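Geometric and topological summary
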Amino acid sequence: MLRHYLTPSLTLAAALSLASSACNPRQTDKRTGAVGDSAVGVENETTTGSARKVGEVGNFQHPESARYDRDLDVWFVSNVNGDPGKKDNNGYISRLKADGSADSLKFIAGGKNKVTLNGPKGLAIVGDTLWVADIDAARAFNKRTGAPIASVIVPQAKFLNDAAAGPGGAVYLTDTGMAPDPKTGMKHVGPDRVYQVAGRKATVALESPQLQGPNGITWDPDEKEFVIVSFLGPGILGWKPGSKDLRPLGSGPGQEDGVEVLSDGRLLVTSWADSSLFIVDNGRSTKVASGIASPADIGINGKTVAVPQLMENKVQFWELP
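Computed from a predicted structure; not experimentally measured.

**Here we look at the sheet that holds strand E24 (residues 276-281)**
One open sheet accounts for four strands, arranged E22-E23-E24-E25; its pairing is antiparallel. Single-partner strands in this sheet number two, and they are strand E22 (256-261) and strand E25 (284-289). Along the sheet, successive strands turn relative to each other by an average axial angle of 30°, direction set aside. Sheet analysis places E22 next to strand E23 (residues 267-271), joined by four bridges and oriented antiparallel. Residue Val259 lies in a different strand from E23, and its bridge partner there is Val269.

**So, the confidence of the model for the protein chain**
When pLDDT drops low, the exact placement of atoms in the prediction is not to be read closely. Within the protein chain, residue pLDDT values average 87, and 85% of them lie at 70 or more. Predicted confidence for residues 1-14 stays below pLDDT 50, and this span has 37 contacts to residues more than four positions away or in other chains.

**A few points about the environment of Ala202**
If you trace the backbone, Ala202 turns up in strand E17 (residues 201-207). Separated by 32 residues in sequence, Ala202 and Ala170 place their C-alpha atoms 10.0 Å apart. Excluding residues within four positions of it along the chain, Ala202 makes contact with Val152, Ile153, Val154, Gln196 and Val197.

What counts, and where the lines are drawn
- Residues numbered from 1 in each chain as written.
- Predicted model: local features only at pLDDT ≥ 70, side-chain atom pairs only at ≥ 80, totals over all residues.
- Heavy atoms only, no water.
- Pairing = 2+ DSSP bridges.
- Helix = DSSP H or I, 4+ residues; strand = E, 2+ residues; numbered from the N terminus.
- Axes fitted to C-alpha atoms, helices over the stretch in contact; angles between N-to-C directions.
- pLDDT = per-residue confidence, 0-100.
- Contact = heavy atoms within 4.5 Å.

Pasting the structure below:
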């Protein structure tokens with residue numbers, strides 16, 4: 001059912017998953033040492049590829065994005081809780097302890113304490129502020145208390161998906177260009193964009209059909225560029241703010257959702273197309289875990305990766321080699 005990404009229209013299940021020129025591939029020096037110690041306890045440990053499953057947490061409602069905060073030593077997890085494009089104000093943000101155990105299931109909840117959260121997806125942290133991509137708005141909350149700070153409406157946005165902190169404290173959000181469709185639930189109508197939110201104002205930072213339904217986005221501090229992955233194509237792309245050009249960094253199996261830059265410069269990406277977690281190194285993709293159903297927008301703490309399973313209502317924890 002999820003393979004409808006090859007057509008202009010998508011079923012609701014596929015739409016939920018969105019809620020996660022020839023150029024040389026990156027030539028960053030890739031180190032191969034360990035990148036940190038896992039804080040997640042071993043639970044039903046399995047080995048798939050070269051990563052180990054070390055934990056799993058349930059009781060979520062369409063978990064879409066995970067973000068680790070080193071300052072508080074907690075994970076934040078966004079929950080769409082239903083239709084990803086419906087303004088029903090029932091979405092919420094969970095907070096987990098570093099070991100993956102529950103701290104506050106509904107730390108920030110739509111409809112309570114003056115909070116608006118419709119279909120929360122990507123998360124970004126800037127200082128004490130937790131930013132959330134929410135359909136056509138960027139919501140800001142105090143990461144310590146959960147109190148709402150701001151809602152920046154993006155009037156042109158169709159389907160804000162992921163969020164990433166960029167240079168100077170600005171936040172960048174992908175717009176996958178989806179719209180409701182009475183027959184299929186959602187369909188791709190475009191345009192495919194990246195927005196910048198700075199000073200409580202949203203502007204179009206990039207628009208390009210080459211983005212092919214942009215989903216995950218993350219900042220690469222070494223290359224001084226964003227890495228963006230496509231859901232409607234195999235693209236893994238690099239983009240420098242202010243530029244209109246995108247450069248290919250590699251390709252995946254399609255339906256890419258989450259992306260993170262590892263400390264050695266390699267890229268870690270999830271794909272719905274083959275339920276995998278894979279690494280991109282100098283343009284080459286290598287699968288490190290498989291059998292992860294509906295893997296959405298990942299978060300990382302050292303070598304521990306949190307993988308929300310959007311359609312399974314779980315978050316899995318994997319340890320990289």
